[in-house]
Amino acid sequence: MKRIRRWGPGLLLVSPSIVLIAVFVYGLIGWNIKVSLSNWRQAQPSSGYAGLRAYRDLFHDPAWTLDLRHILIFTVVFIVGTLFVGWSLAFLLDKGVKGEGFFRAVYLFPMAVSFIASGIVWRWLMNPAPGDRETGLNAVFDHAGLHFLANQWYLGQNWGMAAMAMPAIWALSGYIMALFLAGFRGVPEELREAARMDGASEYRVYRHVVFPHLRPVTLSALIILGHISIKVFDLIVAVGGKQLITQVPAVYMWIQIYDAQDYAKGAAIATLLLIGISVLIIPYLVFTVRSERNA
Amino acid sequence: MTSVSQAPPIVASAPLPKPRRRRVPSVGMKYVLLLIFAVIILTPVYVLLVTSFKGVVETDAAHAWSLPHLWSVDAWRQAWTQLSPNMKNSFELVIPATLLSTILGSLNGFVLSKWRFPGADLVFTFFLFGMFIPYQAVMIPLTQLFTRIHFPSGIPSLIFAHVIYGIPITALIFRNYYATIPDELMEAARMDRAGMFRTFWSVVLPISMPAFVVALIWQFTSIWNDFLFAVFIITDPSQWPVTVALNNTTGSLVTPYNLQMSAALLASAPTLVVYILLGRYFMRGLMAGALKG
């Protein structure tokens, strides 16, 4: 009884949030799954049960196959690119350089800008239009006499999504830099010093002392980038709009709701997105909270 | 890594195989690389600024990258005319949503770290999942629910959504921060038989400033920049926040580049100003988002 008096008020204070999360996250997820199993395929709501029909339709839909291909290419290029740039920046800043604050601020600033706004300038930079409508990077290549480098960018037939990853790499490299920088600096200086005393070259200090310490950070970075990538929406809308050539699952869901008004199919896409994210996030959450408790 | 740091001292005199000497970049090289990266990252800003001050005639291929010959604020004036009602909407959305979710976050974070109840970690994990979900997975039911319960449409419903879906991240920011407060401080308050609210009010709140700054900046930036919730929830164009209006004005290919760029800069100005003034707190919010401070 005394113990309840001790923690009771805390539980009471958090309970409105618990209820809100229970209803608006978990409850609505359940409702969305129910919609995906219904026959609500037009503007007028309908709650008749249709089983997995919407999912089956989706997998027979060539646009969906294309979406999956797009998101796969985007994810690979985005993750590899962002990890590479973010890691490199952290590595360069690791030992402390003059003006570190300035560099960090510059690298991180894209995080403060919405993809809707930065997408506009990236659309200009990656504009494939030729001749007097030419802008951006293609104009640079042409002025530099490198005509062969000018290309279709995000409108390229097969690999356009690789170009689409560029703005995303630009936006998130600073974030990954911050993560890795914290990782680098988290290596105790005594460990590095001890290795140097043993005659290890600076390269070997990194190779054998610092890099192994970065594994947990790398895993976090992978998971964070992975879940951002699966959900990517604003960037695609801002740069490519609703075109099929840059369409990804999150955009297709939006099209299903607003243009096709096929709610069951839209809900099915949303459910699949959620499953994709959960596979990544749930083990990560369980692992993080558990290791924190053991610490 | 332990093999390097634990070399037994006796072996030191024995001839060691000469380590392959591979170079770590020199300081000069580092600066060159850092500067190149900085230039690349700032290139879009150059394009935005330069193009936004050009007249329409200068936005063609021949002048694509050059400075404007005639500096003109026409595009800015036009962007302001088109977007100012939506800027106002964004402020009316962001200010209450940010304040409410931050206050809620401080209460939740306090309880989840310093006034814990059995199962507090479970509740926290249960919250955190809500931070990572693709919001598409709640969007159809959410809009349905708003209609069914006749929730005031437009900005109020968007405020409500941002407050609810901001619960996880704000709880995380405050919980991480409060975890650094020594438990003895809580014990001292308990000795004085202070209740939960008094402890929060007179012990915890006065030292919470840094966490408030981080949470406020974080929520301000992400709610201002949100497009997904707004595009699904707000159906009336006069209620659109600036992101949706921006996408709508610049989405069409007939909009001249100078207007597109000035509109993009205008819509980003508030978050950029906050970033320039308070950037270091922004970074802390980011690190909280990675779960580990």
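Residues numbered from 1 in each chain as written. Chains lettered and ligands numbered in written order. Predicted model: local features only at pLDDT ≥ 70, side-chain atom pairs only at ≥ 80, totals over all residues.

**Section: the overall build of chain B**
Consideration 1: Along its length, chain B carries 13 helices and zero strands.
Consideration 2: Along its sequence from the N terminus, chain B presents helices and strands in the succession α-α-α-α-α-α-α-α-α-α-α-α-α. (Helix = DSSP H or I, 4+ residues; strand = E, 2+ residues; numbered from the N terminus.)

**Here we look at the overall build of chain A**
Consideration 1: A count of helices and strands for chain A gives 13 helices and zero strands.
Consideration 2: Listed by position from the N terminus, the elements making up chain A come as α-α-α-α-α-α-α-α-α-α-α-α-α.
Consideration 3: Taking 295 residues into account, the globule formula puts the C-alpha radius of gyration at 19 Å, and chain A, at 24 Å, lies well above it.
Consideration 4: Based on the C-alpha atoms only, the size of chain A along its principal axes is roughly 80 × 75 × 30 Å.
Consideration 5: Buried residues in chain A amount to 47% of all 295 residues. (Rg over C-alpha atoms; globule rule 2.2 N^0.38 Å. Buried ≥ 20, exposed ≤ 12 C-beta atoms within 10 Å, placed from the backbone.)

**Side note on the confidence of the model for chain A**
Consideration 1: Looking at chain A, the pLDDT average stands at 91 and 99% of residues meet or exceed 70.
Consideration 2: Ranking the helices and strands of chain A by mean pLDDT puts helix H3 (residues 62–93) of chain A first, with 96, and helix H6 (residues 136–143) of chain A last, with 84. (pLDDT = per-residue confidence, 0-100.)

**Here we look at the nonpolar core**
Consideration 1: In this structure, A:Phe180 and B:Ala264 are the most contacted members of the largest nonpolar core, which totals 174 residues.
Consideration 2: No other element matches the 17 residues that helix H7 (residues 160–185) of chain A contributes to this core.
Consideration 3: Not counting the four nearest positions on each side in its chain, A:Phe180 is found in contact with A:Gly86, A:Trp87, A:Ala90, A:Leu214 and A:Val217.
Consideration 4: If you look at the next biggest cluster of nonpolar residues, it comprises five residues, including A:Ala195, A:Val205, A:Tyr206 and A:Val209. (Core = buried A, V, L, I, M, F, W, Y, C linked by C-beta atoms within 7 Å. Contact = placed C-beta atoms within 7 Å.)

**Quick notes on the interface of chain B and chain A**
Consideration 1: Taken together, the contact pairs 81 residues of chain B with 91 residues of chain A.
Consideration 2: When contributions to the side of chain B that touches chain A are tallied by element, the ones reaching two or more residues are helix H1 (2–5), helix H2 (27–52), helix H3 (74–114), helix H4 (120–132), helix H5 (136–148), helix H10 (209–225), helix H12 (242–250) and helix H13 (257–289) of chain B.
Consideration 3: Element by element, the count of residues in the side of chain B that touches chain A is highest for H13(B), at 14 residues.

**What about the packing of H3(A) against H7(A)?**
Consideration 1: Axis separation between H3(A) and H7(A) bottoms out at 6 Å; the angle between their running directions is 40 degrees. With respect to the hand of their crossing, H3(A) and H7(A) are arranged in right-handed fashion. (Axes fitted to C-alpha atoms, helices over the stretch in contact; angles between N-to-C directions. Left-handed = near helix turned anticlockwise from the far one by under 90°.)

**Here's the deal with unusual backbone geometry**
Residue and element names in this part refer to chain A.
Consideration 1: Phi at Trp153 is positive, roughly 50 degrees, even though this residue is not glycine.
Consideration 2: Although it is not a glycine, Gln261 adopts a positive phi angle of roughly 50 degrees.
Consideration 3: Looking at the element boundaries, Gln261 is found in the loop between helix H12 (249–260) and helix H13 (263–294).
Consideration 4: Judged by the 14 C-beta atoms lying within 10 Å of it, Gln261 is partly exposed.

**Focus on H12(A)**
Consideration 1: Considered for burial, the residues of H12(A) that qualify are A:Pro249, A:Ala250, A:Val251, A:Tyr252, A:Met253, A:Trp254, A:Gln256 and A:Ile257.
Consideration 2: Buried residues in H12(A) make contact with H3, helix H10 (215–231), helix H11 (234–240) and H13 of chain A together with H5 of chain B.
Consideration 3: Downstream of H12(A) by a residue or two, A:Gln261 has a phi angle that is positive, lying close to 50 degrees.

**Notes on the environment of A:Leu214**
Residue and element names in this part refer to chain A.
Consideration 1: Relative to the helices and strands, Leu214 is located in the loop between helix H9 (202–213) and H10.
Consideration 2: The spatial distance from the C-alpha of Leu214 to the C-alpha of Trp31 is 41 Å, given a sequence separation of 183 residues.
Consideration 3: Residues contacting Leu214, with those up to four places away along its chain left out, are Phe180 and Gly183.

**Let's talk about the packing of H12(A) against H13(A)**
Residues and elements named next belong to chain A.
Consideration 1: Interhelical geometry of H12 versus H13 gives an angle of 160 degrees and a closest axis separation of 8 Å. Viewed along their axes, H12 and H13 adopt a mutual orientation that is roughly antiparallel. Considering how the two elements wind past one another, H12 and H13 form a crossing that is left-handed. Contacts from Pro249, Ala250, Tyr252, Met253, Gln256 and Ile257 of H12 reach H13 at Tyr263, Lys265, Gly266, Ile269, Ala270, Leu272 and Leu273.
Consideration 2: Of the residues contributing to the contact of H12 with H13, the split by class is ten nonpolar, two polar and one charged. (Parallel < 35°, antiparallel > 145°, perpendicular 65-115°, else oblique. Nonpolar A, V, L, I, M, F, W, Y, C, P; charged D, E, K, R; others polar.)

**Topic: the environment of B:Phe126**
Residues and elements named next belong to chain B.
Consideration 1: Inspection of the secondary structure assignment puts Phe126 in helix H4.
Consideration 2: For Phe126, a count of 17 C-beta atoms within 10 Å translates into the label partly exposed.
Consideration 3: The sequence separation of Phe126 and Pro168 amounts to 42 residues, and the corresponding C-alpha distance is 8.9 Å.

**Describing the confidence of the model for chain B**
Low-pLDDT portions of the prediction should not be read for the details of their coordinates.
Residues and elements named next belong to chain B.
Consideration 1: Summary statistics for chain B give a mean pLDDT of 86 and a share of 87% for residues scoring 70 or more.
Consideration 2: In this model residues 1–19 is a low-confidence stretch, pLDDT under 50, and it forms 17 contacts with partners more than four residues away in sequence or in other chains.
Consideration 3: Under the prediction, the complex receives an ipTM of 0.92, its pTM being 0.90.

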